[in-house]
Amino acid sequence: MPYETDSVKGFGVGLIRKQDMSVHRLHGNPPIDVKVVKSARAKRLSLRVSRLDGRVTLTIPKRSPLREGIHFLETREIWLRTHLIKLAPMAAVHAGGAVPYLGGELPVVAGQVKRTVLRDGVLHVPDEVTAGVQAKAFLKTKARDELAAASDFYAAQLGKRYNRLSIRDTRSRWGSCSSDGVLMYSWRLIMAPHEVLHYVAAHEAAHLVEMNHSDAFWAVVARICPDYDRHRIWLKKNGDQLHRVNFGD
């Protein structure tokens, strides 16, 4: 399809070139910055809006002139603005507000502590100005702890071991397992329900047995996480909201 919203996955005035990528600004209220990508693999013009953060990408076939792509973009401006309006707003984390945590919410309170601490269901941060950044650092630490424990648990159930675990802020996937047993997860999983985080860990641990998504792979997932499909559906329906939490950094 020529233009669509995209659940998987620049700023400036006019056109800013960078290798085969640039940013074009659609003027209006508000102005919209569009990443322009020249692709040798693209067979047609396409326009995508990320449901994760509202970023807009225009892809142009390598041999097509730039002006053709810009014309394509401008003729679809109404469609583009309509879809951007429909996106859920970014949720800002700040002192006096709350931050998602394991499917619930933690109130964020600033002051009276020297370091960030979770106490009686409240996240206490030292400074009001950087409360969002401090909350994010807390979540990333907790994400590593929870995902490491879950990965250890499911790998042990399968009689397997992984080599290393890393935490990133990925847009296109919640986790991955490399052929040499390196597990990678999105730290934003710590904001999802506990059982959803565990499903992702079980999913990646299953790749230590089956490096594919065959029926045999899903049988392994079902063995260690019997209700995986319910958690998988939750991620498909709600996962983009985890990417729409803004920490002010």
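Presented here is an overview of the structure given in this document. (Residues numbered from 1 in each chain as written. Predicted model: local features only at pLDDT ≥ 70, side-chain atom pairs only at ≥ 80, totals over all residues. Heavy atoms only, no water.)

## A short note on the sheet that holds strand S13 (residues 175-177)
Put simply, the test is: Strands were regarded as paired on the criterion that DSSP finds at least two bridges between them. The way it works is that DSSP assigns letters per residue, a run of H or I at least four long becomes a helix, a run of E at least two long becomes a strand, and they are numbered from the N terminus. Where helices are involved, their axes are fitted lines through C-alpha atoms of the stretch in contact, as for all axes, and angles between N-to-C directions lie from 0 to 180°.
One open sheet holds the 3 strands; their spatial order is S12-S14-S13, and the pairing between them is mixed. If you trace the sheet from one side to the other, it starts and ends with strand S12 (164-168) and S13, each paired once. Strand after strand, the sheet turns through a mean of 15 degrees between neighbouring axes, direction not considered. Sheet topology note: the S13/strand S14 (residues 182-186) ladder contains 3 bridges and is antiparallel.

## As for the pattern of salt bridges
Heads up, the rule is: By definition here, a salt bridge exists when the distance from a side-chain nitrogen of Lys or Arg to a carboxyl oxygen of Asp or Glu is within 4 Å. Only protein chains enter the area calculation, which uses a 1.4 Å probe; residues under 20% of their type maximum are buried, those over 50% are exposed, and those in between are partly exposed.
For the coordinates displayed, the defined rule picks out 4 salt bridges. The partner of Arg-25 in a salt bridge is Asp-33, and the shortest N-O contact between them spans 2.9 Å. By relative accessible area, which is 16% here, Asp-33 ends up buried. Between Arg-188 and Asp-169 there is a salt bridge, and its shortest N-O distance comes to 2.8 Å.

## Here's the deal with helix H1 (residues 66-75)
Note the threshold: The arc under discussion is defined with respect to the helix axis, by the directions toward the C-beta atoms.
Those residues of H1 that sit buried are Gly-69, Ile-70, Phe-72 and Leu-73. For H1, the buried positions fall inside an angular range of 155 degrees around the axis, keeping them on one side. In H1, those exposed residues whose orientation departs by more than 90 degrees from the buried face are Arg-67 and His-71.

## A few points about the state of the cysteines
Under the convention used in this document: Criterion for a disulfide: a pair of cysteine sulfur atoms within 2.5 Å.
Counted under the stated rule, the structure contains 0 disulfides. No disulfide involves Cys-177; its sulfur sits 16 Å from the nearest other cysteine sulfur, which is in Cys-225.

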